[in-house]
Amino acid sequence: MKQVKKTLALAMSALMLLAMLTGCGSSKKDDAPAADSNTETQEPAADTTSSKLDQIKANGKLVVGTEAQYAPYEFKDLDANFAGCDMWLAQQIADSLGVELEVVDMSFDGIIPAVKSGQVDIGIAAFTKTPERAEEIDFSDLYETSAQFLVVKTGNADVYSTKEALAGQKVGAQKGTIQSQLIQSALPDSELFELEKYPALALEVQNGNIAGLVVDQAVGESLIATSNGGLEVANFEFTAEEASFGKAAVIAKGNEDLVAAVNEVINKVTADGSYQKAYDEAVELAASMGL
């Protein structure tokens, strides 16, 4: 009997102790300051200290988007290497940053979206600086200016020398380019005809399917030189107000340090004449390749 009482007493003591411990635990939880509800669910803040320029240097490469069928600015040589004065400029920028150059070939109208999304770091593809584009992308300083040519089938230089003569006619431009906008604004009575590539547009002109195509002077001269006498420049001129274009690199907004770094290179190579030399060499190479 004594043993039973002793056992019951021990059991009661254990229950009381357990109740006290449980009560103390509840009291501490209730009295503790409320936890921040975001502590467990909030994701770590994004690293805003690393700029695009810092990322390029950390990655050890500058990724440039281009459309490599626009000689003499960007094209591929006989060894399938990227060539042209724009690609030379891209290499100068990469060298100045101390990184490797990686070039991504894509459709022209896909370059700005690729820059904005971060698929490429910058775009260099004879981009014309316009207010419309500046609303969605940042531009570097200008590195080249070019007149605009109307290229027509040989024998039609005088036929299509006025806007009136081009009224109702199809006039070609590469899709997504400033030339498309120029045709719509300066030749409103003409019909815009767009294709992805200039060689295909040149063929349409030679075959008589369209009246002509609008293109940068250097590219127009290249197309004419390789047309076996099938193309010539029309005796037609856009006014300076209609077509006062300059070329610049495109960079995603909010990257002022990268823009400044690119501008430093552009200002140097345009001032010392090295870009003009690269341009002249690219024209010669493209001509030797029949581009």
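See the structure shown above.
Values in this document were obtained by computation on a predicted structure and should not be read as measured data. (Residues numbered from 1 in each chain as written. Predicted model: local features only at pLDDT ≥ 70, side-chain atom pairs only at ≥ 80, totals over all residues. Heavy atoms only, no water.)

Enquirer: Residues and numbers for the overall build of the chain, please.
Expert: Across its full length, the chain holds 11 helices and 13 strands. Burial statistics for the chain: of 291 residues in total, 41% are counted as buried. For the chain, the share of sequence-separated contacts (at least 6 apart) that also reach a separation of at least 24 residues comes to 71%. Surface summary for the chain: the accessible area is close to 15600 Å², and the carbon and sulfur share equals 52%. (Helix = DSSP H or I, 4+ residues; strand = E, 2+ residues; numbered from the N terminus. Buried < 20%, exposed > 50% of the residue type's maximum accessible area, 1.4 Å probe, protein only. Contact = heavy atoms within 4.5 Å. Areas by Shrake-Rupley, 256 points an atom, 1.4 Å probe, with all protein chains shown as cover.)

Enquirer: Could you give an account of the sheet that holds strand β10 (residues 191-195), with specific residues and numbers?
Expert: Spatial strand order, β10-β9-β11-β8-β12: 5 strands in an open sheet with mixed pairing. In this open sheet, the two strands that pair with only one neighbour each are β10 and β12 (231-233). Between one strand and the next, the sheet's axes are offset by a mean angle of 35°, whatever the strand orientation. In terms of strand pairing, strand β9 (residues 170-174) meets β10 through 5 bridges, oriented parallel. Following the sheet pairing, Lys170 is matched in β10 by Glu191. Helix α7 (residues 178-186) contacts β8 (148-153), β9, β10 and β11 (212-216) of the sheet and is inclined by roughly 155° relative to β9. Along the sheet face, helix α9 (residues 217-225) touches β8, β11 and β12 and points at about 130° away from the line of β11. (Pairing = 2+ DSSP bridges. Axes fitted to C-alpha atoms, helices over the stretch in contact; angles between N-to-C directions.)

Enquirer: Mind laying out the pattern of salt bridges, listing which residues take part and the relevant values?
Expert: Taken as a whole and judged by the stated rule, the model has 9 salt bridges. Among the ionic pairs, Lys197 bridges to Glu67, the shortest N-O distance being 2.7 Å. Residue Lys197 is found in the loop between β10 and α8 (198-206), and its partner Glu67 is found in the loop between β1 (61-66) and β2 (75-76); the two are separated by 130 residues along the sequence. By relative accessible area, which is 26% here, Lys197 ends up partly exposed. On the basis of relative accessibility, which here comes to 2%, the residue Glu67 falls in the buried class. Of the charged contacts, one joins Asp138 and Lys253 as a salt bridge, the two residues approaching to 3.1 Å between their closest N and O atoms. Placement of the pair is Asp138 in strand β6 (residues 138-139) and Lys253 in the loop between β13 (245-251) and α10 (256-271), with a sequence separation of 115 residues. (Salt bridge = Lys/Arg side-chain N within 4 Å of Asp/Glu carboxyl O.)

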